Amino acid sequence: MADVFVVGSINQDFVLSVKRRPEPGETVTDAQLSKGNGGKGANQAAAAALLGASVKFLGRVGDDGFGEPLVEALADKGVDTSLVQAAPDSSTGAAFITVTPDGENAITVAPGANRSLTAEDVENASESIGDARVLVVQMEVPPEVVLRAVEVAAQQGTRALVNLAPPTEVQQELLEKLDPLVVNEHEAAFLLGDRVEGVDGALCAAPELLALGPGSAVITLGKEGAVFSDGESTKHLPAPKVEAVDTTGAGDAFIGALATKLARDESLEDAVAYAVRAGAAAVTQEGAQGALPTPETVEAM
């Protein structure tokens, strides 16, 4: 039995630290290349495990030599990887990340084996999903996998948290089963068909997201923290001020922390407040999984 069951992606990250991003048709030299463990699913699973949750993970890697070390790294962080398999004749997912000196990043993903995960794989894991307190899914696996995972969670009484990243068209029946739906400003704008900017924009948008069906909604705002709405109240929770080094892992640290607290039956407001601090802690270090905070780091925020 796990506190948190994660269905999601596993990627090999290739990170380029650059003074500035090239313009179209331009070449920029003197970049620094590093590799890291990534994928939104893997990052969120690792984040929850490092913060003390028991975590089980369902995902796929390729049979190309990159996958096995990524799975081992997850296991080393305390994640149960017994449901992670290598998809034959597939490449492990890869993410190509450019990071500028201000810590901002731009990411291009080649999904690879992540796309081989199926609704049948979810069905085979239904007992484990039902044993968990919280299901966490993102959109780096096929949409039908996300929908089936949420359906199984609803049938089993497991709370479903979906991070709509990257933004993807989803069915109404999926949204109605979420508690919470978690998006950033761009993803909220995608769902609502209108721009969502800053704290004021998020405070207006959060109740509109609830009207789409989820039991609660959270909009992350980077250095401004997050806004949540649960049908009774809509509030902004600011983030602590920190010196940003790399924002790559911030969103995944937020999700892992949020799921950890929700699995312990804490209120959405308290869970979001903790997640905001975890996200802030993550931007003070380089990388994705390498920057994920411990409970001590979060408490120090």
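The preceding data block contains the structure.
What counts, and at which threshold
- Residues numbered from 1 in each chain as written.
- Predicted model: local features only at pLDDT ≥ 70, side-chain atom pairs only at ≥ 80, totals over all residues.
- Heavy atoms only, no water.
- Helix = DSSP H or I, 4+ residues; strand = E, 2+ residues; numbered from the N terminus.
- Contact = heavy atoms within 4.5 Å.
- Pairing = 2+ DSSP bridges.
- Axes fitted to C-alpha atoms, helices over the stretch in contact; angles between N-to-C directions.
- Salt bridge = Lys/Arg side-chain N within 4 Å of Asp/Glu carboxyl O.
- Buried < 20%, exposed > 50% of the residue type's maximum accessible area, 1.4 Å probe, protein only.
- Parallel < 35°, antiparallel > 145°, perpendicular 65-115°, else oblique.
- Left-handed = near helix turned anticlockwise from the far one by under 90°.
- Nonpolar A, V, L, I, M, F, W, Y, C, P; charged D, E, K, R; others polar.
- Phe/Tyr/Trp six-rings, centres within 6.5 Å; stacked < 30°, edge-to-face > 60°.

K.L.:
Help me understand the environment of K35, please; the structure alone is not making it clear to me.
P.N.:
Here K35 is to be found in strand 3 (residues 32-38). Put simply, K35 and G52 are 17 residues apart on the chain and 26 Å apart in space, counted from C-alpha to C-alpha. Each residue touching K35, except ones within four places of it in the same chain, is listed here: Q12, D13, F14 and F66.

K.L.:
Would you mind going over the sheet that holds strand 8 (residues 134-138) with me for this structure?
P.N.:
Think of a sheet as strands paired side by side through backbone hydrogen bonds, with each pair either parallel or antiparallel. An order of 5-4-1-8-9-10-11-12-13 is seen for the 9 strands of this open sheet, with the pairing classed as mixed. What marks the edges here is a single partner per strand, and that holds for strand 5 (79-86) and strand 13 (234-237). Ignoring which end each strand starts from, the neighbouring axes of this sheet average 15° apart. Alignment of strand 12 (residues 226-229) against strand 13, held across 4 bridges, turns out to be antiparallel. If you follow S229 over to strand 13, its bridge partner there is T234.

K.L.:
Is there a simple way to think about the pattern of salt bridges in this case?
P.N.:
Opposite charge on two side chains lets them pair, provided their charged atoms get close. Scanning the model with the defined rule gives 10 salt bridges in all. Put simply, R195 and E197 hold a salt bridge, and the shortest N to O gap is 2.2 Å. Overall, the relative accessible area of 68% leaves R195 in the exposed class. A salt bridge links R277 to E299, with the nearest nitrogen and oxygen atoms 3.3 Å apart.

K.L.:
Explain the packing of helix 1 (residues 40-50) against helix 9 (residues 250-263) to me, please; I cannot follow it from the model alone.
P.N.:
Axes are the key here: two packed helices are described by the angle between their axes and the distance separating the axes. The geometry of helix 1 relative to helix 9 is characterised by a closest axis approach of 7 Å and an angle of 50° between their N-to-C directions. Viewed along their axes, helix 1 and helix 9 adopt a mutual orientation that is oblique. Between helix 1 and helix 9 lies a crossing whose hand is right-handed. Packed against helix 1, whose contacting residues are K40, N43, Q44, A47 and A48, the element helix 9 presents D252, A253, I255, G256 and T260 at the interface. Class assignment for the residues of the contact of helix 1 with helix 9 results in 4 nonpolar, 4 polar and 2 charged.

K.L.:
How do you make sense of the packing of aromatic side chains when you look at a structure like this?
P.N.:
The geometry of two aromatic rings is summed up by the distance between their centres and the angle between their planes. The final tally for this structure, using the stated rule, is 2 aromatic pairs. Both rings, one in F14 and one in F66, keep their centres 6.1 Å apart while their planes meet at 85°; by these two values the pair is edge-to-face. Of this pair, F14 sits in strand 2 (residues 11-17) while F66 sits in the loop between strand 4 (55-61) and helix 2 (67-76), and the two are 52 residues apart along the sequence. Given the relative accessible area of 34%, F66 is considered partly exposed. Both rings, one in F14 and one in F96, keep their centres 5.4 Å apart while their planes meet at 15°; by these two values the pair is stacked. Of this pair, F14 sits in strand 2 while F96 sits in strand 6 (residues 93-99), placing them 82 residues apart in sequence. Owing to a relative accessible area of 45%, F96 belongs among the partly exposed residues under this scheme.

K.L.:
What am I meant to see in the sheet that holds strand 7 (residues 105-110) here?
P.N.:
Across the sheet, which stays open at both edges, the 4 strands sit in the order 3-2-6-7 with mixed pairing between neighbours. With partners counted over all chains shown, the strands left at the sheet margins are strand 3 and strand 7, one partner each. Between one strand axis and the next, the sheet turns through 20° on average, direction left out of account. Both strand 2 and strand 3 contribute to a ladder of 7 bridges, which runs antiparallel. Bridging across to strand 3, Q12 finds its partner in N37.

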